[in-house]
Amino acid sequence: MILTKKFYHILLYLRYLQKVRYWKRLGVENIDLWELYQRSKVLPSGINLNKYYRQMYNEKKPFMVIECLLDSMLFVQDLEAIKEIMITQFENFPDRGFYVNHREALSVNLSRLEYDMWKPVRHKLTPSFSPAKVRNMFPILLEVTQKLIKVLAEDSQRALDNQIEILDLCSRFTIDIIGNVAFGIECNSLENPQTEFLLQGNRAFLGILNPFWDMFGNKYPKVLQFLNVYVFSRESNAFFKRIFQETKAFREKNNVRRNDFMDLLLELKLEHGEDKDFPLTSDLLVGQLFAFFIAGFETNACTLTYALYELAKHPDIQEKARQEVMQLKAANNQKLTYDSMKQLKFLKAIVQETLRKYPIGSVMPRVCVRQCTIKTSYNTTLTIQPGTFVLIPFYGEYERYFEISIKLSESFTPKDTKGYVTLQRKTREQQ
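A brief structural summary. Remember, it's a predicted structure, so these values are computed and weren't measured experimentally. (Residues numbered from 1 in each chain as written. Predicted model: local features only at pLDDT ≥ 70, side-chain atom pairs only at ≥ 80, totals over all residues. Heavy atoms only, no water.)

### Digging into the state of the cysteines
- Under the definition given, this model contains zero disulfides.
- Free of any disulfide, Cys302 has its nearest neighbouring cysteine sulfur in Cys170, separated by 9.1 Å.
- The structure places no disulfide on Cys372, whose sulfur is separated from the nearest cysteine sulfur, that of Cys368, by 4.1 Å. (Disulfide = S-S within 2.5 Å.)

### Some points on the nonpolar core
- Counting 55 residues, the largest nonpolar core has Phe183, Phe197, Phe240, Leu289, Phe290 and Phe293 as the members making the most contacts within it.
- Going through the elements one at a time, α5 (115-125), α6 (131-158), α7 (166-181), α8 (196-206), α11 (234-254), α12 (261-272) and α13 (282-296) are the ones with two or more residues in this core.
- A per-element tally of this core places α13 first, with seven residues.
- With near-sequence residues (within four places) excluded, Phe197 lies in contact with Ile175, Gly179, Phe183, Ile185, Cys187, Phe239, Phe240 and Phe293.
- Formed by 17 residues, the second largest nonpolar core is a distinct cluster that contains Ile82, Phe93, Cys372 and Val390. (Core = buried A, V, L, I, M, F, W, Y, C linked by side-chain atoms within 4.5 Å. Buried < 20%, exposed > 50% of the residue type's maximum accessible area, 1.4 Å probe, protein only. Helix = DSSP H or I, 4+ residues; strand = E, 2+ residues; numbered from the N terminus. Contact = heavy atoms within 4.5 Å.)

### Things to note about the pattern of salt bridges
- This model, assessed by the stated rule, comprises 23 salt bridges.
- Its salt-bridge partner being Lys19, residue Glu67 comes within 3.1 Å of it at the nearest N-O pair. With Glu67 in strand β2 (residues 63-67) and Lys19 in helix α1 (residues 2-25), the pair connects residues that are 48 residues apart, well separated along the chain.
- Its relative accessible area of 10% is what places Lys19 among the buried residues.
- Its salt-bridge partner being Asp339, residue Arg135 comes within 3.1 Å of it at the nearest N-O pair. A residue pair is termed long-range when its members are at least 10 positions apart, and Arg135 in helix α6 and Asp339 in the loop between α15 (315-331) and α16 (345-357) qualify at 204 residues.
- The partly exposed category is assigned to Arg135, whose relative accessible area is 33%. (Salt bridge = Lys/Arg side-chain N within 4 Å of Asp/Glu carboxyl O.)

Pasting the structure below:
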């Protein structure tokens, strides 16, 4: 038994060396997996990968590879190669590399679906986000925002040393927005932090499948599907399915319309629910509601928190943004409308700069589905085999064009209403 284990470990090590040598023959250096693992104990993996990104950029290396036992993960630094992967040869890199259990409602969402399912689902959902339909949801956003102002004022009066836990407040705000717009539910988590929706939302993130099993499930999906392994907890699945069914039944029985995302999905179900080629089932709709939830909950809460943090550090920028809002209200009878919000260009630039400085994700994964050759800006090429994971860094790409320690107020040009867009066009030669 001991000899069998040793023999197995030797085979794994030889396989690892074989893959490392394969990439070395292609001129792609290996990122030491053990070193990356040790670093990740101290700092998040995204920041650690950014250190390699800097090294690659300085040494003009378009690619490095993280060699694992299951897969090769190609780390891309070169912008031309990224353009090839994400745009020019998108059909060769359509999948994100996530495991999907088609018997689990929450995992069949747009952020995880395989390309063959992602494309028709996206095609059917896209009309739901037309400007006219989003405009109809705007009054709901204003209503929840008024509650935020009220709760913030009350918390400020009760706060010791004028300190407020702003991430918690922003999380409750985004939950109330999503609950109203997506599920048609008055969550009231701003006033009651112990609401079921907020608690279940947090549990959904905490109960997600381990990244190793996610990668294993993408490589060998039939194994995990046979075992009926869930990506999210069964409790979370049961909760969101119950919310969907209860809301659907109530609206159909009472002929209720709220002009929210739930209404749009129910319309789609009536229109495409019986399609022979690709029917929109209830589980598929639950998955898209959940995608709306995971895309808007923690991401927006963190972005709002970082934006408020930067504005607190730079009161001059805070005052300028406030004046922009006050002037807009004065010109519109003290009201904010969907159309007038487009005039808040300086505020938009602040949000965009916040996303640049504090990106929510560190990397974007893609999986090669057919052999292809990628060009780089260094006049080199690389042939990528099917099944290869590709990691495109957000953090490193944003940092390349801007000094990460730059003050928020310095991030805007004299034409500061177009500050982010102008700075975005900087080239490497200008650095």
